[in-house]
Amino acid sequence: VSVCLASAAGVALRGFRLLAENWPLTPFALFAYSGPQWEALLLHLANGRTRLVLTSDLDWDPVGLVVLSRQMRGGTVSTPPVLYDAWNLCIGDTTVHSEILEAVDFEAMARSPAGAFEASGLVAGVSRWLRERRRLVELATGRPLVGAYFVELAKDGTVYKVLAA
């Protein structure tokens, strides 16, 4: 009981933000997002035609590139140049990183209809995290993912249009 209370007190003192990943202070929350936050994330990043995608090379033009939706275990295997769907890599239900969580404007997401979310702040925050932390690496090349785009997908799963860079 005292361990639970100590963990809860640490979260409360930080304004209910996630704690740094330093044992023993990291709380293991069962759900990272509230119901409305989850619905907004799904609407803009997972269920519709818009995605937050990651790249290992900022010189590539994202338009026309394939977006790989899952690369942790299984999924489509493809060689670069490709983009990676950020959902399973750094923002989905089991892969939350505190710096990225701080970059998400849940209120703006909730107010925006599908396809109309202005994601430049999210893209900037995720890109900054990728450059500074270098925690995601492209398996085929060993290069770190260094940038993000918010894109609209074509029906074939390739990037149709860049909405925020």
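Cut-offs used in this document
In this numbering scheme, every chain counts its residues from 1 along its sequence in written order. Side-chain atom pairs in this predicted model are given and counted only at pLDDT of 80 or more, local residue features only at pLDDT of at least 70, and totals for whole chains, interfaces and linings cover all residues. Side-chain measures here rest on the full set of heavy atoms in the structure, leaving out hydrogens and waters. What is meant by a nonpolar core is a set of buried Ala, Val, Leu, Ile, Met, Phe, Trp, Tyr and Cys residues, joined one to another through side-chain atoms within 4.5 Å. The rule is simple: take the accessible area with a 1.4 Å probe, protein chains only, and divide by the maximum for that residue type; under 20% is buried, over 50% is exposed, in between is partly exposed. In this analysis, two residues are considered to be in contact whenever any of their non-hydrogen atoms come within 4.5 Å of each other. Here a strand is any run of E in DSSP of at least two residues, a helix any run of H or I of at least four, and the numbering for each starts at the N terminus. The span one expects for a helix is its residue count, reduced by one, times 1.5 Å. In this scheme, the bend at a residue equals the angle between the axes fitted to the seven residues that finish there and the seven that begin there. The working definition used for a salt bridge is a side-chain nitrogen of Lys or Arg within 4 Å of a carboxyl oxygen of Asp or Glu. Strand pairing is assigned whenever DSSP identifies at least 2 bridges connecting the two strands. Any pair of N or O atoms that falls within 3.5 Å is considered a polar contact. Within protein, one atom must be able to donate a hydrogen and the other to accept it, and sequence-neighbouring residues count only if both atoms are side-chain atoms. Two aromatic rings from Phe, Tyr or Trp, using only the six-membered ring of Trp, form a pair when their centres are within 6.5 Å; if the ring planes differ by under 30 degrees the pair is stacked, by over 60 it is edge-to-face, and anything between is tilted. Here an angle of 0 to 180 degrees is reported between the N-to-C directions of two axes, which are lines fitted to C-alpha atoms, with helices fitted over the stretch in contact.

*Asks:* Explanation requested: the nonpolar core in the structure shown.
*Replies:* Soluble globular proteins tend to bury their nonpolar side chains together. Judged by nonpolar contacts, the single largest core of 34 residues is most densely connected at Leu41, Leu45, Leu54, Ile91 and Leu122. The residues touching Leu41, leaving out its near neighbours within four places in the chain, are Tyr33, Ala46, Trp87, Ile91, Val104, Phe106 and Met109. Listed in part, the eight residues of the second largest apolar core include Val67, Tyr149, Val151 and Val159.

*Asks:* For this particular structure, what's the right way to read helix H2 (residues 35-47)?
*Replies:* Because an α-helix completes one turn every 3.6 residues, residues spaced three or four positions apart along the sequence face the same direction. Over its 13 residues, H2 extends only 16 Å from the first C-alpha to the last, a length that falls short of the 18 Å expected when each residue adds 1.5 Å. At Leu41, H2 shows its largest bend, some 30°. Check the buried side of H2 and you find it contacts strand S1 (50-55), strand S3 (83-85), helix H3 (86-91), helix H5 (106-111), helix H6 (120-133) and strand S4 (147-153).

*Asks:* Would you explain the pattern of salt bridges in this entry?
*Replies:* Where side chains of opposite charge bring their charged atoms close, a pairing between them can arise. Tallied over the full model, the rule gives four salt bridges. Glu152 is the partner of Arg49 in a salt bridge, and the nearest nitrogen-oxygen pair spans 3.4 Å. Highlighted residues: Arg49 in the loop between H2 and S1 and Glu152 in strand S4, separated in sequence by 103 residues. For the salt bridge of Glu99 with Arg133, the shortest nitrogen-to-oxygen distance reads 2.6 Å. One end of the pair, Glu99, is in helix H4 (residues 98-103); the other, Arg133, is in helix H6, with 34 residues separating them in the sequence. Residue classification places Glu99 among the partly exposed residues on the basis of a relative accessible area of 29%. On the basis of relative accessible area, Arg133 is assigned to the partly exposed category, the value being 46%.

*Asks:* Would you mind showing me how to read H6 here?
*Replies:* Taking 1.5 Å of rise per residue, the 14 residues of H6 would be expected to cover 20 Å, and the 20 Å separating its terminal C-alpha atoms lies within 8% of that figure. If you check which residues of H6 are buried, you get Leu122, Val123, Gly125, Val126, Ser127, Trp129 and Leu130. Immediately beyond the C-terminal end of H6, within one or two residues, lies Arg134, with a positive phi of roughly 50°.

*Asks:* Any chance you could explain unusual backbone geometry here in plain terms?
*Replies:* As a rule of thumb, non-glycine residues mostly have phi less than zero, and peptide bonds are mostly trans rather than cis. Despite not being glycine, Arg134 shows a phi value in the positive range, around 50°. Of note, Arg134 is situated in the loop between H6 and S4.

*Asks:* I would appreciate a short explanation of the pairing of strand S5 (residues 159-164) in the present structure.
*Replies:* When a strand is regular, its side chains alternate between the sheet's two faces. The pairing of S4 with S5 spans four bridges and is antiparallel. Of the residues in S5, the one forming a bridge with Val151 is Val162.

*Asks:* Explanation requested: the environment of Arg111 in the structure shown.
*Replies:* Here Arg111 lies in helix H5. Judged by its relative accessible area of 62%, Arg111 falls in the exposed class.

*Asks:* Help me out: how do you make sense of the side chain of Arg51 in this one?
*Replies:* Within the secondary structure, Arg51 is located in strand S1. Engagement of the side chain of Arg51 in a polar contact is seen with the side chain of Asp85, the distance being 3.4 Å. When near neighbours in sequence (up to four residues on either side) are disregarded, Arg51 contacts His44, Leu45, Ala46, Asp85, Tyr149, Phe150, Val151 and Leu153.

*Asks:* Is there a simple way to think about the packing of aromatic side chains in this case?
*Replies:* The relation between two aromatic rings is expressed through the spacing of the ring centres and the mutual angle of the planes. Across all of its chains, the model carries four aromatic pairs by this definition. Here the aromatic rings of Trp38 and Trp87 are separated by 5.4 Å at their centres, their planes lie at 50°, and the arrangement is tilted. Taken together, the residues Trp38 in helix H2 and Trp87 in helix H3 connect sequence positions 49 residues apart. An aromatic cluster is present here, built from Tyr33, Trp38, Trp87 and Phe106 joined pairwise through their rings.

*Asks:* Just to check I follow, could you spell out the sheet that holds S5 for this structure?
*Replies:* The strands making up a sheet are joined through hydrogen bonds of the backbone, oriented either antiparallel or parallel. Taken together, five strands build an open sheet; the order of strands is S2-S3-S1-S4-S5 and the sheet is mixed. Sheet topology places strand S2 (67-68) and S5 at the edges, where each strand pairs with a single neighbour. Relative to S3, S1 runs antiparallel, the two sharing two bridges. By the bridge assignment, Val53 is partnered in S3 with Asp85. Together, S1, S4 and S5 form the strand contacts of H6, whose direction differs from that of S4 by roughly 140°.

Limitation: the analysis is restricted to geometry and does not speak to function.
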